[in-house]
Amino acid sequence: MFDMNTIAKSVNESAACGGGSCCGARDEGVAQASGPGTSTFRIPTMDCASEEGEIRRALEALPGLRGLRFQLGARTLTIDADAEHLPRALEAIRKAGFDPQPLAETRGAAEQVDEGRDHAHAHDDHHHGFGPGIGRLGTALGLAIAAEAVSFFLPPSMGWKLAGMAVAIVAIGLSGLDTYKKGLAALRQRRLNINALMSVAVTGAFVIGQWPEAAMVMALYAIAELIESRAVDRARNAIKGLMALAPETAEALQANGTWQSVPAKTIAPGATVRVKPGERVPLDGVVTAGRSAIDQAPVTGESIPVDKTPGDLVFAGTINQTGALELRVTAAADDSTLARIIHAVEQAQGARAPTQRFVDRFAAIYTPAVFAIALAVAVLMPLLTGLPWLQAAYKALVLLVIACPCALVISTPVTVVSGLAAAARKGILIKGGTYLEQARRIKAVALDKTGTLTEGKPRLVHWEALSNSDPVAVGASLAARSDHPVSKAIAEGLPGQRLEVIDFEALAGRGVQGQVEGQRYVLGNHRFVHDRGLCSDELEARLAEHEASGRTVTLLATDDRVLALFAVADTLKPSSADAVAELEALDVTPVMLTGDNASTARAIAAKAGVTDARGDLLPEDKLAAIADLQRAHGTTAMVGDGINDAPSLAKSDIGFAMGGAGTHVAMEAADIVIMTDDLRRVATTIRLSRRTHAVLWQNISLALGIKAVFLVLAVFANATMWMAVFADMGASLLVVANGLRLLRQPGQA
């Protein structure tokens, strides 16, 4: 059969840079902290993966730590450790140059992270923040300009020189204190990062008498880092507005029959809430009374309001437009579709894409190599060319600033996060940068039929008895016990009472069976009954007529004869034909894989424009078909929505699950979830992936190209530290702005 362990495929990648200056590697596969024994701390200056990596390395040798959970967006760290080991962990973090601040210990880990996120945005004391931060940096820049003026305009006396140096020291202190703290911590641990490079370069410039330039370099660097951080935050927090979509209170029906406004987070599933016209839906639910149009754009990306009637699902955060609705709550506030979207995107933003892992490995070699080149310039140029020692030292310091890998390393995460956020705005949840990048390679897409190409809401359009017995009650009773869409359609379409069914069993890809009034019956598809040897030539002819019309036929049978047939029809989604055409325009081959019979598959496929339709497939047959497509075409995606699709979703290179109608198992097994159930989003994902890949390599080329030009100028011409700062931070801002283009045009690829 098939290995159900493949359903548990998950993203075990590491975190990316969420903001700040320069990113480094994060350890892979570290346990996540959760449950009792955990404590959450806010670390104000931890907003980049390089800083996360420094903390991990500081803690990795300590005993007693069960797990770490980083949230760069909230700047929080949750530590899972025994109480006696926690102080040593905090001391190790402080020695690494960070200040862990405890959050409320009486709250759960998830609530602590939320508090940290709120605190991070309400009171950001990191030097990247606006407000007090920009005021301090503005003062530092003014003092740096004053130091330049003292050096340039005033007499070169010792008094003025000492005054200028004092002004420069104050400017450096105001703008670079955090940089020095982290730089010295990195040097103590024999690591070279941007903070270490800047600390060495600025200190060296000051020592050789270039104190005005040292002050100006540090001030400009800090201001550019501030601007860059805000730009990166725009990508990292691009869907942060989702958190405020669901109202904090809801009007709930009380036991005494009255309506009362209560906090939404206190309402349990099963409760009834009321939503008036113009209000946002507070919780996921099913409409029990009323009719209205719902604007679902904030959650699913649909631009046209959707009519809702009793029995329809509604999502928290969507907007009720025309009429009052009463809802039966189906999920608590922290388990709503909106909450799962937020969680999915936060998790995805913490997963590094292949290009980013490549850049991180490259930077790990590049930075020490350039440091060695700078040292060689300082030592060898005076010996080989006769260049004065101070000039050689100055060239070496300029090289250090230019060589900072900040622009190179930040070029990938900001682009990937922008792409993830752009996809989320269109109702596409991508579970990591790996899948965002890999989607551009898709050459074939396997499409499930029911719920993917079709509406997934089949109706019973015809039934007939094939024996003297009355099959209605038995067929309806068996069908009512199954959650398969075809069985549900049969149960809803058949009148009469329901009988007791014992020894009920669902047979994956075949049907159901059970005992009714002492007799064993099966309610199964054509293939199942045919394999039991019960299909006569006359019955085969009848089935062929229905199947040629695209109907799914289910047969009620005993061990020795067929009692009735039930014909169910499912309608093609309006968007399916367009989706297939878009895939073909991208040179992607669409293939239908379904458990329905081959005739039905061909009829539906013809309407959708799919030329390769394969029917009568059991779950293991679908796995084999996926393997065939991978051998024939290469990278293959699977799109499905049911439990039976979960193995194929896990087996494929990229699994797409239909989020609106899909099962939780399918959505867990999939790599990408389409919340709108619109098949055209598959082509949108591929186009976005191709565009993201192009922007990634544009950024890498820009970063390396600018570095190369200024490195040559620094060695062979008269590049200054001013030029070095503009080369480094200018390149960083350029790649950030380029990456953010994905956010400005989320619907295009």
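Cut-off values and rules
Residues numbered from 1 in each chain as written. Predicted model: local features only at pLDDT ≥ 70, side-chain atom pairs only at ≥ 80, totals over all residues. Heavy atoms only, no water. Helix = DSSP H or I, 4+ residues; strand = E, 2+ residues; numbered from the N terminus. Buried < 20%, exposed > 50% of the residue type's maximum accessible area, 1.4 Å probe, protein only. Contact = heavy atoms within 4.5 Å. Areas by Shrake-Rupley, 256 points an atom, 1.4 Å probe, with all protein chains shown as cover. Salt bridge = Lys/Arg side-chain N within 4 Å of Asp/Glu carboxyl O. Patch = residues over 30% accessible without salt bridge, like charges linked within 9 Å, V, L, I, M, F, W, Y side chains within 5 Å. Pairing = 2+ DSSP bridges. Axes fitted to C-alpha atoms, helices over the stretch in contact; angles between N-to-C directions. Parallel < 35°, antiparallel > 145°, perpendicular 65-115°, else oblique. Nonpolar A, V, L, I, M, F, W, Y, C, P; charged D, E, K, R; others polar. Left-handed = near helix turned anticlockwise from the far one by under 90°. Core = buried A, V, L, I, M, F, W, Y, C linked by side-chain atoms within 4.5 Å. Polar contact = N/O pair within 3.5 Å; in protein donor to acceptor, adjacent residues only side chain to side chain.

Asks: Before we move on, can you summarise the overall build of the protein chain with the specific residues and values?
Replies: For the protein chain, the helix and strand inventory stands at 25 helices and 26 strands. Residues classed as buried in the protein chain amount to 54% of the 749 residues present. The contacts in the protein chain between residues at least 6 apart in sequence include a share of 70% that link residues at least 24 apart. Of the roughly 30,400 Å² that the protein chain leaves accessible, carbon and sulfur atoms contribute 56%.

Asks: So what about the pattern of salt bridges? Which residues, and what values?
Replies: The full count for this structure, using the stated rule, is 12 salt bridges. One salt bridge connects Arg527 with Asp531, and the closest N-O pair in it is separated by 3.9 Å. Here the residue Arg527 and the residue Asp531 both occupy positions in helix 17 (residues 526–531), the gap between them amounting to four residues, near one helical turn. Since its relative accessible area comes to 31%, Arg527 is described here as partly exposed. By relative accessible area, Asp531 is classed as exposed at 56%.

Asks: Which residues make up helix 16 (residues 485–493), and what values do they have?
Replies: Burial in helix 16 covers these residues: Val486, Ser487, Ala489, Ile490 and Ala491. Where helix 16 is buried, its residues contact strand 16 (459–465), helix 15 (472–480), strand 20 (551–557) and strand 21 (562–569).

Asks: Give a description of a nonpolar patch on the surface that names residues and reports values.
Replies: Judged by side-chain polarity, Leu375, Val379, Leu380, Leu383, Leu384 and Trp389 come together as a nonpolar surface patch covering roughly 650 Å² of accessible area. In terms of residue count, the dominant contributor to the nonpolar patch is helix 10 (residues 354–385) (five residues). Using a relative accessible area of 38% as the deciding quantity, one classes Val379 as partly exposed.

Asks: Now, about the environment of Tyr221: what can you tell me, with residues and values included?
Replies: Within the secondary structure, Tyr221 sits in helix 7 (residues 211–236). Here Tyr221 falls in the buried class, since its relative accessible area comes to 1%. Put simply, Tyr221 and Val725 are 504 residues apart on the chain and 6.4 Å apart in space, counted from C-alpha to C-alpha.

Asks: I'd like a rundown of the sheet that holds strand 15 (residues 444–447), residues and numbers included.
Replies: In spatial order, the strands read 14-26-25-24-15-22-23; together these seven strands make up an open sheet with mixed pairing. At either margin of the open sheet sits one strand with a lone partner, and together these are strand 14 (428–430) and strand 23 (612–614). This sheet shows a mean twist of 20° between the axes of neighbouring strands, independent of strand direction. Across three bridges, strand 14 lies against strand 26 (residues 672–674) in antiparallel orientation. Counted as the bridge partner of Ile430 is Ile672 from strand 26. Where helix 20 (residues 598–608) meets the sheet, its contacts fall on strand 22 (589–593) and strand 23, and the angle it forms with strand 23 comes to roughly 150°. Across the face of the sheet, helix 21 (residues 619–633) comes into contact with strand 15, strand 22, strand 23 and strand 24 (636–640) while running at roughly 165° to strand 22.

Asks: Just give me the short version of the pairing of strand 18 (residues 511–516), but keep the residues and values in it.
Replies: Counting buried positions along strand 18 gives five out of six residues, so the element sits mostly inside the fold. Both strand 17 (residues 501–507) and strand 18 contribute to a ladder of five bridges, which runs antiparallel. Among the inter-strand pairings, Leu507 is bridged to a residue of strand 18, identified as Gly511. Hairpin geometry of strand 17 and strand 18 is characterised by an intervening segment of three residues between the two adjacent antiparallel strands and by a positive phi of about 75° at Gly509. Linking two consecutive strands that pair antiparallel, namely strand 18 and strand 19 (residues 519–525), is a turn of two residues; a positive phi of about 55° is found at Glu517 within it.

Asks: Would you mind going over the environment of Glu545 in detail, with residue names and values included?
Replies: For Glu545, the location among the structural elements is in helix 18 (residues 537–548). With 54 residues separating them along the chain, Glu545 and Ser599 place their C-alpha atoms 9.4 Å apart.

Asks: I'd like a rundown of the packing of helix 11 (residues 389–402) against helix 24 (residues 680–716), residues and numbers included.
Replies: Two elements in contact, helix 11 and helix 24, have axes separated by 9 Å at closest approach and are oriented at 175°. In terms of their interaxial angle, helix 11 and helix 24 are classed as roughly antiparallel. On helix 24, the residues touching Lys395, Val398, Leu399 and Ile402 of helix 11 are Lys707, Phe710, Leu711, Ala714 and Val715. Of the residues belonging to the contact of helix 11 with helix 24, the class tally is seven nonpolar, no polar and two charged.

Asks: So what about the packing of helix 6 (residues 194–207) against helix 11? Which residues, and what values?
Replies: The interhelical angle for the contact between helix 6 and helix 11, taken along N-to-C directions, is 155°, at an axis separation of 9 Å. Classified by the angle between their axes, helix 6 and helix 11 sit roughly antiparallel to one another. Judged by the sense of rotation from one axis to the other, the crossing of helix 6 with helix 11 is left-handed. Residues Leu197, Met198, Val200, Ala201, Gly204 and Ala205 of helix 6 pack against Leu397, Leu400 and Val401 of helix 11. Within the contact of helix 6 with helix 11, the residues separate by chemical class into eight nonpolar, one polar and no charged.

Asks: A description of unusual backbone geometry should follow, citing residues and the corresponding values.
Replies: Across the chain, the bulk of peptide bonds are trans and the bulk of non-glycine residues have phi less than zero. At Asp587, a position not held by glycine, the phi torsion is positive, near 60°. Mapped onto the elements of the fold, Asp587 is located in the loop between helix 19 (576–585) and strand 22.

Asks: Kindly report on the sheet that holds strand 6 (residues 259–263), identifying the contributing residues and their values.
Replies: Reading across the sheet, the six strands line up as 6-5-7-13-8-11 and stay open at both edges, with antiparallel pairing between neighbours. On the outer flanks of this sheet lie strand 6 and strand 11 (313–314), each paired with one strand and no other. Relative to strand 13 (residues 325–329), strand 8 (residues 285–289) is paired through four bridges, and the arrangement is antiparallel. Residue pairing in the sheet places Val286 in a bridge with Arg328 of strand 13.

Asks: Tell me about the pairing of strand 25 (residues 654–658), and name the residues and values.
Replies: The element strand 25 is largely enclosed, with a buried count of five among its five residues. In strand 25, alternate side chains face the same way, and those of Ile654, Phe656 and Met658 on one face and Gly655 and Ala657 on the other are all buried. Across four bridges, the pairing between strand 24 and strand 25 is parallel. In the strand pairing of strand 25, Val639 is matched with Phe656.

Asks: Outline the nonpolar core, listing residues and values.
Replies: Core analysis: the biggest nonpolar cluster contains 44 residues, and Ile172, Met198, Val202, Val398, Val401 and Met721 have the highest contact counts within it. Residue assignment for this core shows that the elements contributing at least two residues are helix 4 (132–153), helix 5 (158–188), helix 6, helix 7, helix 10, helix 11, helix 24 and helix 25 (721–744). Setting aside anything within four residues of it in sequence, one finds Val401 in contact with Met198, Ala201, Met721, Ala724, Val725 and Asp728. Residues Leu586, Val588, Val610 and Leu688 belong to the second largest nonpolar core, which totals 38 residues.

Asks: Let's hear about the side chain of Ser199: which residues, and what values?
Replies: Within the secondary structure, Ser199 sits in helix 6. Assessed through its relative accessible area of 3%, Ser199 is described here as buried. Polar side-chain contacts of Ser199 include one of 3.5 Å to the backbone oxygen of Thr179. Each residue touching Ser199, except ones within four places of it in the same chain, is listed here: Thr179, Tyr180 and Gly183.

Spatial relationships are all this shows, so hold off on functional conclusions.
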